[in-house]
Amino acid sequence: MAINRMKTQAQQIGAVKHRATYLLLVGIAIIVLIAGLRLRERLLVPDVLPTPPLVVEAIRIMPEPFVVTASYNGTIEAERRATISSRLASRVDARYISAGDVVEQQEPLLSLDDAEQRQELQRLNAAADRIRADLKYWRNQLKIDQNLFAKGTISEQKLQETARQVATLSASLEENSHARATAETRLGYAEVAAPFAGVVQAALVDEGETVNPGTPLLELVDTKTLKAVISAPQADQQQLVAGLPVSVHPHISTSSWQAEIGQIYPVLDSHSRNLTFDVPIEYHENVPLQIGMGVNAVVEIKRFDSAIAVPLHAVQRRQGEEGVFAIKEGLAVWLSVKTGLIQDDRVQILDGLSGGELVITTPYATLEEGRSVQLHQQEDAAPEIPTAD
């Protein structure tokens, strides 16, 4: 019995060892198989797949107008404005206007006390009457003395004295005439009238105030002769000349007015060092322009009726050379160009493009000559190639 049990146990232990050995060999075989597969994957050369086309956007370049403009800011001002001052030492008798009033040419604005000027004119008129009476007497006396001298009754000296008296009185009457004309002019200074039609910007004196020659009485502005006074950097001085077309846009309005540069001021602003030019604006009753209003002035510096232009970002620089990529038979083709003037986001092409080229506008830094490209298009839509605006 004991011997049989020992044999049975030995057989069981042997079976376990056999199974363990078998499992170990299977595990090693699996590991070797996996390692072999991985090594095979590494050693196999993969198939070369074709590079997919690069999706790009492009525009068809055609000759079109190209306008170069420059934008500046300025203010609406009056072409004519005047500070009207007193010409007399007097007192303000009446004031007929207030600030903001619209007046016509020669409309009365103020009246000054003219009592002193009237008295002076009356004195001169009285003096003229006296001189005329004396002159009449001495002219008659001269005729008498001429007859007496002819008869030898009086001396030549007496005749000359009478003639001299007539000449003196004649000169006095002429002097008096000039003095009366001056007095009449000064009397007219007492009535202050508008030299031109406009708006009273400020009334500077009130009734009863005493004024002297040179005292400002009021400020008058002609609102029908407006101009836009524009400031520009001095660096733009060479490109700004009188007569260039200008579009004037008020800051608070969507309206605009077409005009031309009137004059370039010869002196730069002492603080900003900017140059100044003005743009006369033709008056219209319905034009909502006010003096002091801010405006933007867009000056047309240069116009080309037919030019080649591309988006600025379409131009690339490769190895010191400017150029663009165009699409030809599905491939990117490098075209060297010579650029010109820039306006906003477009640049003028002086050489290298003639029109009709399909220029790539997608700024890919990796785009190369000969690369396969495909136009971007919306799904289920036919490709539409835009032209340069």
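Bear in mind that the values here come from a model prediction, so they are computed numbers and not experimental data.

Asker: Would you explain the side chain of Thr 162 in this entry?
Answerer: Mapped onto the elements of the fold, Thr 162 is located in helix α3 (residues 156-188). Among residues more than four places away in sequence, those in contact with Thr 162 are Trp 138, Gln 141, Leu 142 and Asp 145.

Asker: Before we go on, may I ask you to explain the sheet that holds strand β8 (residues 191-193) in this structure?
Answerer: Backbone-to-backbone hydrogen bonds join strands into a sheet, with any given pair of strands oriented parallel or antiparallel. The four strands lie next to each other as β8-β7-β5-β10, forming an open sheet whose pairing is antiparallel. Each of the sheet's edge strands pairs with one partner strand only, and the pair in question is β8 and β10 (210-211). In terms of strand pairing, strand β7 (residues 108-112) meets β8 through three bridges, oriented antiparallel. The partner of Leu 110 across the bridge, within β8, is Val 192.

Asker: How should I be thinking about the packing of helix α2 (residues 115-151) against α3 in this particular structure?
Answerer: Across the interface, α2 lies against α3 with an axial gap of 8 Å and an inter-helix angle of 160 degrees. Of the possible angle classes, the one that applies to α2 and α3 is roughly antiparallel. Read as a crossing pair, α2 and α3 show a hand that is left-handed. Of the residues in the contact of α2 with α3, the class split is 17 nonpolar, nine polar and eleven charged.

Asker: Looking at this model, I keep getting lost on the nonpolar core. Mind explaining?
Answerer: Side chains of nonpolar character tend, in soluble globular proteins, to be buried together. Within the largest apolar cluster, 28 residues are counted, with the highest numbers of intra-cluster contacts made by Tyr 72, Ile 76, Ile 230, Leu 240, Phe 277, Val 279 and Val 299. Listed by contribution, the elements that provide at least two residues to this core are β3 (64-78), β12 (226-232), β13 (245-250), β14 (257-260), β16 (275-281) and β17 (294-311). No other element matches the six residues that β17 contributes to this core. Dropping the residues within four chain positions of it, Leu 240 is found in contact with Tyr 72, Ala 232, Ile 261, Ile 264, Leu 275, Phe 277, Val 299 and Ile 301. In terms of nonpolar packing, the next biggest core, distinct from the first, is built from 18 residues, Leu 88, Val 92, Val 103 and Ala 194 among them.

Asker: Can you walk me through the pairing of β13 in this structure?
Answerer: Walk down a regular strand and you will see the side chains alternate between the two sheet faces. Across four bridges, β13 lies against β14 in antiparallel orientation. When the sheet's bridge partners are listed, Val 246 is paired in β14 with Ala 259. Counted along the chain from β13 to the antiparallel partner β14, the turn is six residues long.

Asker: Help me understand the pattern of salt bridges in this model?
Answerer: In the structure shown here, the tally under the stated rule is ten salt bridges. Note that Arg 346 is salt-bridged to Glu 64, the shortest N-O span being 2.5 Å. Of this pair, Arg 346 sits in strand β22 (residues 346-351) while Glu 64 sits in strand β3, placing them 282 residues apart in sequence. Each member of the pair, Arg 346 as well as Glu 64, carries the same accessibility label: buried. For Asp 93, the salt bridge goes to Arg 91, with nearest N and O atoms at 3.0 Å. Residue class for Arg 91 comes out partly exposed when judged on its relative accessible area of 36%. Because the salt bridges share partners, they merge into one network encompassing Arg 91, Asp 93 and Asp 113.

Reading the values: the criteria
- Residues numbered from 1 in each chain as written.
- Predicted model: local features only at pLDDT ≥ 70, side-chain atom pairs only at ≥ 80, totals over all residues.
- Heavy atoms only, no water.
- Helix = DSSP H or I, 4+ residues; strand = E, 2+ residues; numbered from the N terminus.
- Contact = heavy atoms within 4.5 Å.
- Pairing = 2+ DSSP bridges.
- Axes fitted to C-alpha atoms, helices over the stretch in contact; angles between N-to-C directions.
- Parallel < 35°, antiparallel > 145°, perpendicular 65-115°, else oblique.
- Left-handed = near helix turned anticlockwise from the far one by under 90°.
- Nonpolar A, V, L, I, M, F, W, Y, C, P; charged D, E, K, R; others polar.
- Core = buried A, V, L, I, M, F, W, Y, C linked by side-chain atoms within 4.5 Å.
- Buried < 20%, exposed > 50% of the residue type's maximum accessible area, 1.4 Å probe, protein only.
- Salt bridge = Lys/Arg side-chain N within 4 Å of Asp/Glu carboxyl O.

Nothing here speaks to function; it is geometry throughout.
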